[in-house]
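Coordinate analysis (summary)
What follows is each chain in one-letter form.
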Amino acid sequence: MRAEIVALLVSPVHRLDGRPAPVDLPDETVDSLDIRAGLGIVGDRYFGRRAHRDASVTVMAAESLDPWGAGLARARRNVLFRGVDVDGGRGRILELDSGEGLVALRLHRPASPCAWMEHTVGPGAWRGLRRRGGMRAEPLTDGVLRVGPVRVTWRDSAT
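Sequence order as written defines the numbering, with residues in each chain counted from 1. Given that this is a predicted model, residues contribute local features only at a pLDDT of at least 70 and side-chain atom pairs are listed and counted only at 80 or more, while totals for whole chains, interfaces and linings are drawn from all residues. Water and hydrogen atoms were dropped before computing side-chain values, which therefore reflect all heavy atoms in the structure.

Moving on, we come to the overall build of the protein. Strands here mean DSSP runs of E at least two residues long; helices mean DSSP runs of H or I at least four residues long; both are numbered from the N terminus. A count of helices and strands for the protein gives four helices and twelve strands. Based on C-alpha atoms, the radius of gyration is set beside the globule rule, defined as 2.2 Å times the residue count to the power 0.38. A globule of 159 residues ought to have a C-alpha radius of gyration of about 15 Å, and the protein, at 14 Å, matches this closely. Projected onto its principal axes, the C-alpha positions of the protein cover 40 × 35 × 30 Å. For every residue, the accessible area obtained with a 1.4 Å probe (protein chains only) is divided by the maximum for its type, and the residue is called buried under 20%, exposed over 50%, and partly exposed between those limits. Counting the 159 residues in the protein, one finds 45% classified as buried.

The rule for pairing is simple: two strands pair if DSSP sees at least two bridges between them. A sheet is described by the order of its strands in space; here three strands give the open sequence β4-β3-β10, paired in antiparallel fashion. The open sheet has two edge strands with one neighbour each: β4 (40-41) and β10 (143-146). With two bridges connecting them, strand β3 (residues 32-36) and β4 associate as antiparallel partners. Residue pairing for β4: Ile35 is matched across the bridge by Ile41.

Quick look at the side chain of Glu28 now. Residue position: Glu28 is located in the loop between β1 (4-9) and β2 (29-30). Here a polar contact is taken to be a pair of N or O atoms separated by no more than 3.5 Å, where protein atoms must pair a possible hydrogen donor with a possible acceptor and residues adjacent in sequence count only if both atoms sit in side chains. A polar atom in the side chain of Glu28 sits 2.9 Å from the side chain of Ser11.

Here we take up a nonpolar patch on the surface. Patch membership requires more than 30% relative accessible area and the absence of a salt bridge. Residues of like charge join within 9 Å; the nonpolar side chains Val, Leu, Ile, Met, Phe, Trp and Tyr join within 5 Å. Only the protein chains shown count as cover for residues, with accessible areas throughout obtained via the Shrake-Rupley method and a probe of 1.4 Å. Should a side-chain nitrogen of Lys or Arg be within 4 Å of a carboxyl oxygen of Asp or Glu, the pair is scored as a salt bridge. On the surface, Leu39, Val42 and Phe47 cluster together into a nonpolar patch covering about 200 Å² of accessible area. With respect to the helices and strands, the residue Val42 is situated in the loop between β4 and β5 (57-61).

This paragraph deals with unusual backbone geometry. Its identity as a non-glycine residue notwithstanding, Arg131 has a phi of 70°, on the positive side. Residue Arg131 is classed as exposed on the basis of its relative accessible area of 76%.

Residue alternation in β3 divides its side chains into a buried set, Leu33 and Ile35, and an unburied set, Ser32, Asp34 and Arg36. Note: β3 against β10, four bridges, orientation antiparallel. By the bridge assignment for β10, Ser32 is matched with Arg146. Adjacent in sequence and paired antiparallel, β3 and β4 are bridged by three residues, among which Gly38 carries a positive phi angle near 75°.

In structure tokens:
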């Protein structure tokens, strides 16, 4: 299977606060996004936030969402791939080229699902996405990602 970027999301504000309940989320998906090394995604709520520098980009495999028929706007991750096992990449560097040059992300830790996913993704998602909820990543290079085919290379992290 060829790797592809299925969807991209940039959300300028945190949308899910308080006790989980049914919610109508805006569609904040985009065709491309700009990434800055050490800062995150331009226009995203975590861009340049010191506490999120090593977790400013979230990536997820579309195969994890298939049982619920949900997309990226419901999962609230930044990059949704098909054909890339991001959950198995903890501690590694994911190099991506979607036609605009190389973008490197260091995958640090899981993006664990929260109770909100019962409402945004669907019943059973909170438990069903454990260990399959994606990864939080640190951008190592500046670049652009676009929806569509993507060349993927994995490297072991030096740190």
